[in-house]
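Architecture and fold: a report
Listed below are the residues making up each chain.
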Amino acid sequence: MNRANTVVLGLGLATIIPDNGVTAMKVADVDGVKLAGFLIDAGPVNSPTLLEVGPQGAGADHSANPTTVQDVFIRIGGAGPGKATTSMVINSDDTIIDHTWVWRADHGAGVGWETNRADYGIRVNGDDVLATGLFVEHFNKYDVEWYGENGRTIFFQNEKAYDAPDQAAIQNGAIKGYAAYKVADTVNNHEGWGLGSYCNYTSDSTIRQDHGFQAPVKPGVRFHDLLVVSLGGMGQYNHVINSIGSPTSGTSTIPSTVTSFP
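Here goes a summary of the coordinates provided. (Residues numbered from 1 in each chain as written. Predicted model: local features only at pLDDT ≥ 70, side-chain atom pairs only at ≥ 80, totals over all residues. Heavy atoms only, no water.)

**Structural notes on the overall build of the protein chain**
- On a plain count of helices and strands, the protein chain comes out with 1 helix and 20 strands.
- For the protein chain, the C-alpha radius of gyration of 18 Å lies close to 18 Å, the compact-globule estimate for 262 residues.
- In terms of its C-alpha atoms, the protein chain occupies a principal-axis envelope of roughly 55 × 45 × 30 Å.
- Relative to its full complement of 262 residues, the protein chain shows a buried share of 55%. (Helix = DSSP H or I, 4+ residues; strand = E, 2+ residues; numbered from the N terminus. Rg over C-alpha atoms; globule rule 2.2 N^0.38 Å. Buried < 20%, exposed > 50% of the residue type's maximum accessible area, 1.4 Å probe, protein only.)

Pasting the structure below:
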């Protein structure tokens, strides 16, 4: 989509499947594009990305007429074999993401730790991006990575990948597991309200996740009402965010919470 104010509206949840490992949809760094009501299903050949809003290095001001991504869903596997390195990349400033479910399938056809490999869910590079009702699940590494300034998320739901075969498969250097939602160390301003992550490591219940959330400790990086949950003791979290928050334990599915960060 190269023209400003283009509307892409799927009827009956239209499905787009990329051929030969291409990116299914790209939006130029223009004003007011509206994406809504469709599903992108990864194809059998790995795509580097499935949806890109703005090219790398985008920097135009769209505050008066932002691009919106509403009721847009992305799936890797489930309907058949599919692979993608990163599902959604937001490069354009001021983009609004609303009610978006991005997931690597945990059941159905073409599902397995390497069968529907998908390392990253959403990567936000643009500044002043707002996400409301963000659902991102089951990616092999980070579910959300945020590099842009002044990002805001209102309600985030996450489940770590069920099918990690063992601790080694998710080891992130010295860190146990990849955070569900990571704010880059270079970010100075970010805020989130009502974010939760849960684990259900059905292949190995001894897996430990150091934290659900990772963020730099800076005055402008703030979170409100965070929680992590172990479903029935299938894996555990050591902390909620960074090294803050009590560990989960046992099989009673009781959340560990942090009401305010830092």
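**Details of the side chain of Gln157**
- If you trace the backbone, Gln157 turns up in strand S11 (residues 151–159).
- With residues near it in sequence (within four places) discarded, Gln157 still touches Leu134, Phe135, Val136, Glu137, Gly196 and Tyr198. (Contact = heavy atoms within 4.5 Å.)

**Here's the deal with the environment of Glu52**
- By the secondary structure assignment, Glu52 is in strand S4 (residues 47–53).
- Measuring from C-alpha to C-alpha, the distance between Glu52 and Ser87 comes to 8.6 Å, with 35 residues separating the pair along the chain.
- Sequence-distant contacts of Glu52, that is, excluding residues within four places in its chain, are made with Thr23, Met25, Lys26, Val27 and Val89.

**Here's the deal with the packing of aromatic side chains**
- Scanning the model with the defined rule gives 9 aromatic pairs in all.
- For the ring pair Phe156 and Tyr181, a centre distance of 5.2 Å and an interplane angle of 70° mean the geometry is edge-to-face. With Phe156 in strand S11 and Tyr181 in strand S14 (residues 181–183), the pair connects residues that are 25 residues apart, well separated along the chain.
- For Phe156, a relative accessible area of 1% puts it in the buried group.
- Look at Phe223 and Phe261: their rings are 6.2 Å apart centre to centre, the planes differ by 50°, and that puts the pair in the tilted class. Here Phe223, found in strand S18 (residues 221–230), pairs with Phe261, found in strand S20 (residues 256–261); they are 38 residues apart in sequence, far enough to count as distant. As far as burial versus exposure is concerned, Phe223 and Phe261 are alike and both buried.
- Put simply, the rings of Trp146, Phe156, Tyr181, Phe213, Phe223 and Phe261 pair up and form one aromatic cluster.
- When the ring centre of Tyr120 is taken as origin, the NZ or CZ atom of Arg123, which lies over that ring, is 5.0 Å away. (Phe/Tyr/Trp six-rings, centres within 6.5 Å; stacked < 30°, edge-to-face > 60°. Lys NZ or Arg CZ within 6 Å of the ring centre and 35° of its normal.)

**Details of empty space enclosed by the protein**
- Following the criterion strictly, the structure yields 1 cavity of 30 Å³ or more and no others.
- Of the pockets and cavities examined, the largest cavity occupies roughly 50 Å³.
- Lining the largest cavity are Trp113, Phe139, Asn140, Lys141, Lys160, Ala161, Ala164, Ile170, Tyr178, Tyr201 and Gln209.
- Taken together, the residues that form the lining of the largest cavity break down as 7 nonpolar, 2 polar and 2 charged. (1 Å grid on protein atoms, 1.4 Å probe; cavity = no way out; pocket = protein on both sides within 12 Å on 5 of 7 lines; lining within 4 Å. Points joined across faces, edges and corners; volume = space filled by probe spheres on them. Nonpolar A, V, L, I, M, F, W, Y, C, P; charged D, E, K, R; others polar.)

**Details of unusual backbone geometry**
- A cis geometry characterises the amide bond from Phe261 onward to Pro262, with omega recorded as 0°.
- Within the element layout of this structure, Pro262 appears in the segment after S20.
- Positive phi values are uncommon outside glycine, yet Asp71 reaches one of about 55°.
- Residue position: Asp71 is located in strand S5 (residues 68–76).
- Phi at Asn150 takes a positive value of approximately 60°, unusual for a residue other than glycine.
- Here Asn150 shows up in the loop between strand S10 (144–146) and S11.

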